[in-house]
Amino acid sequence: KYLDTIRIANVIRLIPIVLIILLIHILFLDINVSLKATILSLTLVFLLGAFCYASNNLIDKGLDKKNKTSRLKNPYAEEIITNKEITTLTILLGMSFLIITYIFAKELFILNIFYISNTLLYTKYFKKMPFIDLLSHAIGMLAFLIIPTLLLGTPIRIVILLGGILVCISNFSTIDGNQLL
């Protein structure tokens with residue numbers, strides 16, 4: 001039930017983003033990739049993704065209850081888990097993300113506070129405003145690219161280029177209307 005709360009299948013789909021970034025560094029940028037940076041990148045992307053989905057489920061319970069498709073994706077809306085459980089899970093994920101960042105990647109700490117804030121504001125307010133929704137979603141998607149690239153010491157121009165590509169890809173829809181990423 002907790003894995004459904006963090007939408008584990010969606011979180012796992014974020015892992016190839018990190019792996020592609022690592023491959024780009026190894027094959028094209030000739031940047032050595034350390035095991036520590038790899039594990040830290042995967043951990044932070046996993047925790048941020050899990051936090052995003054858990055907080056969305058927590059905040060959107062009322063809306064998800066009214067929509068059958070959304071309700072089935074949200075164990076909290078289905079009342080499979082309690083308010084205390086989802087609140088605790090969301091806080092633990094967010095705090096773990098920030099604590100690990102602070103201990104192992106202080107240079108990303110302020111940026112990661114921004115990503116956590118963006119996630120909460122997106123879920124509560126931004127997704128109701130079309131342009132702000134798009135901007136906030138793009139910032140959120142960039143997080144999954146920027147975290148590993150900055151941990152690997154990538155030049156900022158490469159981060160911006162890769163970020164632009166990822167944002168473009170993330171906003172294309174498949175035939176059935178589901179996002180690619």
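Structure shown above.
Residues numbered from 1 in each chain as written. Predicted model: local features only at pLDDT ≥ 70, side-chain atom pairs only at ≥ 80, totals over all residues. Heavy atoms only, no water.

J.: Sorry, what's going on with the packing of helix α3 (residues 15–27) against helix α9 (residues 130–151) here?
T.: Angle between the axes and distance between the axes are the two parameters that describe a pair of packed helices. At a minimum axis separation of 10 Å, α3 and α9 run at an interaxial angle of 40 degrees. On the basis of their axis angle, the class for α3 and α9 is oblique. The interaxial crossing formed by α3 with α9 has right-handed handedness. Contacts between α3 and α9 involve I17, V18, I21 and H25 on the former and, on the latter, F144, L145, P148 and T149. Of the residues assigned to the contact of α3 with α9, the class counts are six nonpolar, two polar and no charged. (Axes fitted to C-alpha atoms, helices over the stretch in contact; angles between N-to-C directions. Helix = DSSP H or I, 4+ residues; strand = E, 2+ residues; numbered from the N terminus. Parallel < 35°, antiparallel > 145°, perpendicular 65-115°, else oblique. Left-handed = near helix turned anticlockwise from the far one by under 90°. Contact = heavy atoms within 4.5 Å. Nonpolar A, V, L, I, M, F, W, Y, C, P; charged D, E, K, R; others polar.)

J.: Looking at this structure, I do not really get the nonpolar core. What am I missing?
T.: Across soluble globular proteins, nonpolar side chains have a tendency to be buried as a group. Counting residues in each nonpolar core, the largest one holds 33 residues, and the members touching the most others are L48, L93, F97, F144, I147 and L151. Elements represented by at least two residues in this core include exactly α3, α4 (35–59), α7 (83–104), α8 (109–124) and α9. The element contributing the most residues to this core is α4, with ten residues. In this view, L48 contacts F97, Y115, I116, A143, F144 and I147; residues no more than four positions away in its chain are not counted. (Core = buried A, V, L, I, M, F, W, Y, C linked by side-chain atoms within 4.5 Å. Buried < 20%, exposed > 50% of the residue type's maximum accessible area, 1.4 Å probe, protein only.)

J.: Is there a simple way to think about the packing of α7 against α8 in this case?
T.: Taken N-terminus to C-terminus, the directions of α7 and α8 make an angle of 165 degrees; their axes are 9 Å apart at the nearest point. With respect to their mutual orientation, α7 and α8 come out roughly antiparallel. Here α7 runs over α8; the crossing is right-handed. Across from G94, F97, L98, T101 and Y102 in α7, the residues of α8 making contact are F109, N112, I113 and I116. Residues of the contact of α7 with α8, tallied by class, amount to six nonpolar, three polar and no charged.

J.: What am I meant to see in the packing of aromatic side chains here?
T.: Centre distance and the angle of the planes are the two values used to describe a pair of aromatic rings. Applying the stated rule across the entire model yields two aromatic pairs. Here the aromatic rings of Y102 and F109 are separated by 5.2 Å at their centres, their planes lie at 75 degrees, and the arrangement is edge-to-face. Owing to a relative accessible area of 45%, Y102 belongs among the partly exposed residues under this scheme. Relative accessible area serves as the criterion here: at 22%, F109 is assigned to the partly exposed category. With centroids separated by 6.0 Å and ring planes inclined at 55 degrees, the aromatic side chains of F114 and Y115 adopt a geometry described as tilted. (Phe/Tyr/Trp six-rings, centres within 6.5 Å; stacked < 30°, edge-to-face > 60°.)

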